[in-house]
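Understanding the architecture of this molecule
The residues making up each chain are set out below.
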Amino acid sequence: MTRIVSGFAGSLSLQVPKSGTRPTSDRVREAIFSALDARDALHGARVLDLYAGSGALGLEAASRGAVSVVLVEKGAAAAQVCKRNAAAVVSAARAARVPVPEIDVRSSTVQSYPSGARGPFDVVFIDPPYDVPDAELLAVLTALEPLLSDDAEVCVERSARTPDPSLPAGLTLVRRKSYGETAIHWLAPLRP
């Protein structure tokens, strides 16, 4: 079972697609959001969740203070799950009488999304299937780069067995942390 950990929707259970996704473990999600909370990166943030699956990462950000979240998921069944989970988070915000975050679910490929996207995004989650080749991830990061705010936080989840992702010239690896089979790569824009 996947659930929202903290914020106005804390303890809300989320649906998970029956197949085709690899949900981020509770331990890894907790580590990601502890790091973001320590830097106060979520309050008022515009968030992009690529390869969204159930939408758990983006919706956790919404519960913790993000003002807008875009969930991008190409699988039709998973996109429907994202929509149901997003509706549950919106209902939780109304019940808690807090500002309702804007949540948009896009049923499209990650590769096609940036061409029509409106940035800037402050926090980006990229959690592709582990078998996505490094060249494809590099293309996604390259297309994403102009959509980032100056102090954006980009969180890339990969298998701990794979090397660090190749990066476009405008992004740098800030830190890498492994949690069992999962490695989290924190990236940031290089700004003049």
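The structure contained in this document is the topic of the report that follows. Source: prediction; values computed, not measured.

Side note on the pattern of salt bridges
Between side chains of opposite charge, a pair can form as their charged atoms come close. Scanning the model with the defined rule gives 8 salt bridges in all. Measuring nitrogen to oxygen at the nearest pair gives 2.7 Å for the salt bridge that ties E181 to R161. Highlighted residues: E181 in the loop between β8 (171-179) and β9 (182-189) and R161 in the loop between β7 (148-159) and β8, separated in sequence by 20 residues. Classification of E181 by relative accessible area gives partly exposed; the value is 45%. For R161, a relative accessible area of 69% translates into the label exposed. Through salt bridges that share partners, D26, R29, D37, E60 and R64 make up one connected network.

Considerations on unusual backbone geometry
The amide bond that connects G119 to the next residue, P120, takes the cis arrangement and shows omega of 0°. As for its placement among the helices and strands, P120 is situated in the loop between β5 (102-106) and β6 (121-126). You will see that D40, though not glycine, has its phi angle at about 50°, which is positive. Looking at where D40 falls in the secondary structure, it is placed in the loop between α1 (26-38) and β3 (46-50). What makes D40 exposed here is its relative accessible area of 58%. A positive phi is found at Y51, a non-glycine position, where the angle reads about 60°. Following the sequence through the fold, Y51 ends up in the loop between β3 and α2 (56-63).

Reading the values: the criteria
- Residues numbered from 1 in each chain as written.
- Predicted model: local features only at pLDDT ≥ 70, side-chain atom pairs only at ≥ 80, totals over all residues.
- Heavy atoms only, no water.
- Salt bridge = Lys/Arg side-chain N within 4 Å of Asp/Glu carboxyl O.
- Helix = DSSP H or I, 4+ residues; strand = E, 2+ residues; numbered from the N terminus.
- Buried < 20%, exposed > 50% of the residue type's maximum accessible area, 1.4 Å probe, protein only.

Limitation: the analysis is restricted to geometry and does not speak to function.
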